[in-house]
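Chain residues, written in single-letter form:
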Amino acid sequence: MTKLRGFSILFSMLLILQLLVPIPTTFANPALGAGHGESNGRIEVKKVDQSKEAIKWHVVMNASGQENNGIGAKISFSPGLTHGSITEIQNVEIKKTADGYDIKTPAGSEAFELELVTNIKDSKQIIYEVQALATFPDGQFEASDQTTLPRESSEGSVINDDGQVAEEEKPANQNQEKPTTPDQDSSDQKKESNEAGKETEHEKPKVENSPPEEKPKIENSGPEEKDVKQIEGKPHPPFLSTARPSALAGMQSGSEWPAPGSLKLMKDATPTGTYAEWEVELAIEGKNVKTSSDIVLVLDKSNSMGLGRRLSKAKQAANEFVDNLLLEGSSTRIALVSFNHQATINQDFSGYSNKRQLKNAINGVWPSGGTNIQAGLHQAQTMLARSSADQKVIVVLSDGEPTYSFQASNASAYSWPGNKYRFILSNFDYNTIIGSGGATI
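Residue positions are given per chain, counting from 1 as you read along its sequence in written order. With the structure being a predicted model, the display of local features is reserved for residues of pLDDT at least 70 and the display and counting of side-chain atom pairs for 80 or more, all residues being used for whole-chain, interface and lining totals. Neither water nor hydrogens contribute to the side-chain values; these are computed over all heavy atoms in the structure.

1. Some words on the overall build of the chain
Secondary structure follows DSSP: runs of H or I at least 4 residues long count as helices, runs of E at least 2 residues long count as strands, and numbering of each begins at the N terminus. Within the chain one finds seven helices and 22 strands. Classification of residues uses two cut-offs on accessible area relative to the type maximum, computed with a 1.4 Å probe and protein chains only: under 20% is buried, over 50% is exposed, and between them is partly exposed. When the 441 residues of the chain are sorted by exposure, 26% land in the buried category. Residues count as neighbours in contact if any of their non-hydrogen atoms are within 4.5 Å of one another. For the chain, the share of sequence-separated contacts (at least 6 apart) that also reach a separation of at least 24 residues comes to 62%. Note on areas: these come from Shrake-Rupley sampling with a 1.4 Å probe, and a residue is covered only by the protein chains present in the view. Of the accessible surface of the chain, which amounts to about 28,900 Å², a share of 51% is contributed by carbon and sulfur atoms.

Given below as structure tokens:
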């Protein structure tokens, strides 16, 4: 019985302590969701510049230099924003989504900096925000930044960042006497001593007490002149800005921005404070005319390419070539042909969506056999003959002279550079291969 009474007293004391002493508790942030946390230097988002048409952001992934097995990040735009441009970084995969980008970085401790530009598609929005959610092995981390753009109401009033209508500044001379210069003061004093001066003094109140309804005639003369200011005592209407996209007519010019070949003309002006004088800034931006290109990479895989790091360096160059040309939205395709004593199509023409398969094919080439450059070139020409691209290019990566070729049935006189040969072969039989096969190093 004594033990039961002691347990009851102990339980009561614990209950009282729970009510009086705050017990630390962890709550999930509903905005982040379970398992999310502050950025802790893992990911950073910062607005760096903005205009009426676009906002520039700076995003840093793994800013703290944390060792990782690869970071997955999702960048999201708030309503009113749409895709503009984003920095392309080698070995970083960037995929466009409906409201932002999905990004994947390679393993390591490197920090990756991206410059992101978002276009403003809805100027009625007041707050614009970019959020980034990065996934690390130890959890998810979030960062965001936002900015505001002032806009005008339908009546012409400026709306502040908090959504309130800003009070209009009243002219300095409203409800006050018109300021006079020292010259006018001395002139008025002289006029007070004679009859003409008295007559002038009687006329001045007529100007000062003129009905204020006369000024709105200037201010309301049109919607473009709602910000009329007084400079040197004269109405100074605003400069009409032409900061809206337009295209110039031409043979290769698009009709609407940002169509390929179109030009965007922008003009912005700022009053200098002198009557009828503005500081004008002109800008022009153009979009390239898109042309399609088909490229065949012809890669030497003969035995001599296995010496040293010849083939590995050639593969590295080929991979960088692919990364620089196969960008999202481009109209370029690349195919891979490898050759030793004969040619092989390792990968047909591939665009941005099949870039990974093309790079895998490049990395899968290994050295063997002799060198028949002609076979690689012939295979590339055959592939380009079926292409309808505007530009057709062959890029050869090789280390030496051929040791095999196709048999020709005709030779004619020809002067080669350096006079090394004095004839040229033609009428080749592409089914008959001749040569010693010995490696040329």
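Next comes the rest of the write-up.
2. Topic: the nonpolar core
Among buried residues, the Ala, Val, Leu, Ile, Met, Phe, Trp, Tyr and Cys ones that are joined through side-chain atoms within 4.5 Å form a nonpolar core. Counting 28 residues, the largest nonpolar core has Met61, Ile75, Leu81, Ile103, Leu116 and Val130 as the members making the most contacts within it. Ranked by residue count, the leading element in this core is strand E9 (residues 127–136), at five residues. Ignoring any residue separated from it by four or fewer positions in sequence, one finds Leu116 in contact with Ile55, Lys56, Trp57, Ile75, Phe77, Ser85, Ile86, Tyr101 and Val130. In this structure, Met305, Leu311, Val322 and Ala361 belong to the second largest nonpolar core, which totals 15 residues.

3. Re the pairing of strand E6 (residues 93–97)
Pairs of strands are assigned from DSSP output, requiring at least two bridges between the strands. Where E6 meets strand E7 (residues 100–104), five bridges bridge the pair, whose relative direction is antiparallel. The residue of E7 that forms the bridge with Glu93 is Lys104. Here E6 hands over to E7 after two residues, the two strands then running antiparallel side by side.

4. Overview of the sheet that holds strand E18 (residues 332–339)
The mixed open sheet is built from four strands, whose spatial order is E19-E18-E17-E20. The sheet terminates laterally at strand E19 (343–350) and strand E20 (391–397), the two strands that pair on one side only. With direction set aside, neighbouring strand axes in the sheet form an average angle of 15°. Relative to E18, strand E17 (residues 293–300) runs parallel, the two being bridged by eight bridges. Of the residues in E18, the one forming a bridge with Leu299 is Ser338. In this fold helix H5 (residues 310–325) packs onto E17, E18 and E20, with an angle of close to 170° to the strand it touches most, E17. Axis lines are fitted through C-alpha atoms, for helices just across the contact stretch, and the angle between N-to-C directions can take any value from 0 to 180 degrees.

5. A look at the pattern of salt bridges
The term salt bridge refers to a side-chain nitrogen of Lys or Arg lying within 4 Å of a carboxyl oxygen of Asp or Glu. Applying the stated criterion to the full structure yields six salt bridges. Salt-bridge contacts for Asp399 lead to Arg310; the nearest nitrogen and oxygen are separated by 2.7 Å. Here Asp399 is found in the loop between E20 and strand E21 (405–413), whereas its partner Arg310 is found in helix H5, with 89 residues between them in sequence. Arg310 sits in the partly exposed class, given a relative accessible area of 31%. Here the salt bridges do not stand alone but share partners, grouping Asp323, Lys355 and Lys359 into one network.

6. A closer look at the packing of aromatic side chains
Two rings from Phe, Tyr or Trp (for Trp, the six-membered ring) form a pair when their centres sit within 6.5 Å of each other. Planes less than 30 degrees apart are called stacked, planes more than 60 degrees apart edge-to-face, and all others tilted. Enumeration over the complete set of coordinates arrives at six aromatic pairs. Centre to centre, the rings of Phe136 and Phe141 are 5.7 Å apart; their planes meet at 85°, and the pair counts as edge-to-face. The two residues Phe136 and Phe141 agree in class, both being buried. Taken together, the ring pairs connect Phe406, Phe428 and Tyr430 into an aromatic cluster. The lysine or arginine in question, Arg42, covers the ring of Phe136, its NZ or CZ lying 4.9 Å from the ring centre. Should the NZ of a Lys or the CZ of an Arg lie within 6 Å of a ring centre and within 35 degrees of the ring normal, that charge is described as sitting over the ring. Directly above the ring of Trp366 sits Lys315, whose terminal nitrogen or CZ lies 4.0 Å from the centroid.

7. Here's the deal with the sheet that holds strand E2 (residues 43–50)
Taken together, the four strands give an open sheet; going across it, the order is E2-E3-E8-E5, and neighbouring strands pair in antiparallel fashion. Looking along the sheet, the strands with just one partner apiece sit at the ends: E2 and strand E5 (81–86). Adjacent strand axes in the sheet meet at a mean angle of 30° when their direction is disregarded. Two strands pair when backbone bridges link them, and E5 and strand E8 (residues 112–120) are joined in this way by five bridges, in the antiparallel orientation. The partner of Thr82 across the bridge, within E8, is Asn119.

8. Re helix H6 (residues 355–363)
Lys355, Leu358, Lys359, Ala361 and Ile362 are the residues of H6 that are buried. Along H6, the residues classed as buried sweep out an arc of 155° about the axis, all on the same side. The inward-facing, buried residues of H6 abut E17, H5, E18 and E19. Directions drawn from the helix axis to the C-beta atoms are what define this arc.

9. Things to note about the side chain of Ser338
With respect to the helices and strands, Ser338 occurs in strand E18. The class of Ser338 is buried, set by a relative accessible area of 0%. Among the polar contacts listed, one links the side chain of Ser338 to the side chain of Asn346, at a separation of 2.7 Å. Filtering out sequence-adjacent residues up to four positions away, Ser338 remains in contact with Leu299, Lys301, Ala343, Thr344, Asn346 and Val365. Throughout this description, a polar contact denotes any pair of N or O atoms lying within 3.5 Å of each other; where both atoms belong to protein, one of them has to be capable of donating a hydrogen while the other can accept it, and for residues adjacent in sequence the pair is counted only when both atoms sit in side chains.

10. Thoughts on the confidence of the model for the chain
When the pLDDT values of the chain are averaged, the result is 75; 66% of them are 70 or greater. Scored from 0 to 100, pLDDT records how confident the predictor is in each individual residue. Long-range and interchain partners of residues 19–37, a stretch whose pLDDT sits below 50, account for 11 contacts in this model, where long-range means more than four residues apart. Low pLDDT, under 50, characterises residues 195–226; the stretch is placed with 24 contacts to residues that sit more than four places away or in other chains.

11. With respect to the packing of H5 against H6
Where H5 meets H6, the closest approach of the two axes is 10 Å, and the angle between their N-to-C directions is 170°. As judged from the angle between their axes, H5 and H6 are roughly antiparallel. Residues Lys315, Ala318, Asn319, Val322 and Asp323 of H5 form the contact with H6, whose own contacting residues are Lys355, Leu358, Lys359, Ile362 and Asn363. Tallied by class, the residues present in the contact of H5 with H6 amount to four nonpolar, two polar and four charged. Note on angle classes: values under 35 degrees are labelled roughly parallel, values over 145 roughly antiparallel, values of 65 to 115 roughly perpendicular, and the remainder oblique. Charged residues are taken to be Asp, Glu, Lys and Arg, nonpolar residues to be Ala, Val, Leu, Ile, Met, Phe, Trp, Tyr, Cys and Pro, and polar residues to be all remaining types, Gly included.

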